[in-house]
Amino acid sequence: MSTASSTESSSTEPGAPVAPETERPAERSEERAGRRPGRFGALVERFAPALGAYAVVKAIGLTVFMLLLSHTGDYLKKNPGRGGGAQPWDVLGTWDGVWYQRIAENGYDPQLLPMHGWPLASYYENSAAFFPLYPWLMRLVGAVTGLGPYGSGIAVSVIASLVAAAGIFAIAERLGGFRAGVIAAVIWGLFPGSGVEWAVYSDSLFVALSAWACYCVMTRHWLTAGVLALVAGLNRPTAAALIAAVSIAALVALVRRTDGVARPLTAMLITPWGLIGYVVWVGYRMGDWGGYFKLQRGAWNRYFDGGASTVRTIMDVITGHWNFWQSNPAPDLIAIALLMALPGLLVLLWRTRPPLVLVVYTVLTIATALSSNQIFGNISRYLLPAFPLFIGLAVALRRVRTSSLVGLLAMPVVAAGWYAGYALFELGIP
């Protein structure tokens, strides 16, 4: 991968003419007609194909997911908070979704309550482990629309997923042209783990913030990039990868004086405060400055171990030993398949000569996903934010004929309802 500055790898200034091979059909048709579209019309023409294709893919996958749930009826026998419910769609609000709904309704009460007699837990679970931006937006949408926590959570996720698809399209378009952008948006809807995109989960919101923050770095809008990274820090702790990526790219621009001093310096200085602020607030409320990390380890068994647990689990899965913590055969095998594809996806990304911000963000996101003790089957979800991996694949596929591409993606579109939805929520723990 290129380690050049993001400002150098994207030499086109915002608003400058786009190279002929990356011109969009809509723009060329407007030029031939001798007129220029309005700003809103231009945005619609630019993003509509990608967002439309993404929405169709997600709708098909969700339909298959609901059909599988109805076929088995297993959700009727499960705890409503653990993959169960009265209706198939209730499953989309289970697991982490239950916690987000509680926070949206009742707020936080950070505590470290000791638990005894359980070998893998020293504290009771507490909502403070979940960052506040997503439930804040759920509460806001609920106040405006009258929707309950479940409905507002789905609404925020669906809207955020479309914003994320638009950001992924914009970056892929910049690296590989309009067609690559559309394909990247589709892959975002098909990637293993994508079942959480239209569920009561914060993943879509995080990817939306991350994609547009990276795009703003690539287009040298430093202040916007810094603000988006700051806000992302209020959404998920893994925002540390985005914060580092934006900060390092800003530092390179600052050292090379490519964009002056004030804007990259300000971006670099403001990025971490959302993440730091929430962790400090939790520690203050708990009366223990390390309270957030103690809660993650003591209640959810999540902590950095340098990848030791990942390596052990890989060996257990490939040798057929299913007695490790939270073993779930179907999601675990999907995770193995994704890890097998990961080097190839990285090579394809390398070939696009990505800017520094994408390199740092992707590497740190992957490192974070693989270096922590976790539920192994969730690797597919933890790698979902590594959206530059989709872009490398999309650029490689852009020269495939449309009819061939449709045939190539037809089965994944249908199968995503199983591997990204049913397997994640019903055969595992997302």
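This structure is a prediction, so every number in the text was calculated from the model and none was measured.

Bringing the overall build of the chain into the picture now. If you tally the helices and strands in the chain, you get 19 helices and 2 strands. A compact globule built from 430 residues should have a C-alpha radius of gyration of about 22 Å, and the chain, at 22 Å, falls within 12% of that. Oriented by its inertia axes, the alpha-carbon framework of the chain measures out at about 70 × 50 × 50 Å. The proportion of buried residues among the 430 residues of the chain is 53%. Taken together, the 31 basic and 23 acidic charged side chains of the chain have centroids lying 4 Å from each other.

Attention now goes to the pattern of salt bridges. Under the definition given, this model contains 10 salt bridges. Of the charged contacts, one joins lysine 77 and aspartate 74 as a salt bridge, the two residues approaching to 3.9 Å between their closest N and O atoms. Between aspartate 259 and arginine 263 there is a salt bridge, and its shortest N-O distance comes to 3.7 Å. Among the ionic contacts, a cluster of salt bridges with common partners joins Asp96, Asp203, Arg236 and Arg381.

On to empty space enclosed by the protein. On inspection of all chains with the given rule, the structure shows 1 cavity of 30 Å³ or more. Of the pockets and cavities examined, the largest cavity occupies roughly 130 Å³. If you trace the largest cavity, you find 15 residues lining it, with Lys58, Gly61, Leu62, Ser194 and Gly195 closest to the centre. The set of elements that each furnish at least two residues to the lining of the largest cavity consists of helix H3 (39-72) and helix H19 (402-425). Ranked by residue count, the leading element in the lining of the largest cavity is H3, at 5 residues. Its residues placed into classes, the lining of the largest cavity shows 8 nonpolar, 6 polar and 1 charged.

Our focus in this paragraph is the environment of valine 317. Examined against the element boundaries, valine 317 turns out to sit in helix H14 (residues 308-318). Those residues in contact with valine 317, other than ones at most four positions away along the chain, are Trp322, Phe324, Asp332, Leu333, Ile336 and Phe376.

Let us look at the state of the cysteines. Tallied over the entire structure, the rule returns 0 disulfides. Its sulfur unpaired, cysteine 214 is 9.4 Å from the next cysteine sulfur, which belongs to cysteine 216. Residue cysteine 214 is classed as buried on the basis of its relative accessible area of 0%.

Rules behind the numbers
Residues numbered from 1 in each chain as written. Predicted model: local features only at pLDDT ≥ 70, side-chain atom pairs only at ≥ 80, totals over all residues. Heavy atoms only, no water. Helix = DSSP H or I, 4+ residues; strand = E, 2+ residues; numbered from the N terminus. Rg over C-alpha atoms; globule rule 2.2 N^0.38 Å. Buried < 20%, exposed > 50% of the residue type's maximum accessible area, 1.4 Å probe, protein only. Lys, Arg positive; Asp, Glu negative; His and termini not counted. Charge placed at Lys NZ, Arg CZ, Asp CG, Glu CD. Salt bridge = Lys/Arg side-chain N within 4 Å of Asp/Glu carboxyl O. 1 Å grid on protein atoms, 1.4 Å probe; cavity = no way out; pocket = protein on both sides within 12 Å on 5 of 7 lines; lining within 4 Å. Points joined across faces, edges and corners; volume = space filled by probe spheres on them. Nonpolar A, V, L, I, M, F, W, Y, C, P; charged D, E, K, R; others polar. Contact = heavy atoms within 4.5 Å. Disulfide = S-S within 2.5 Å.

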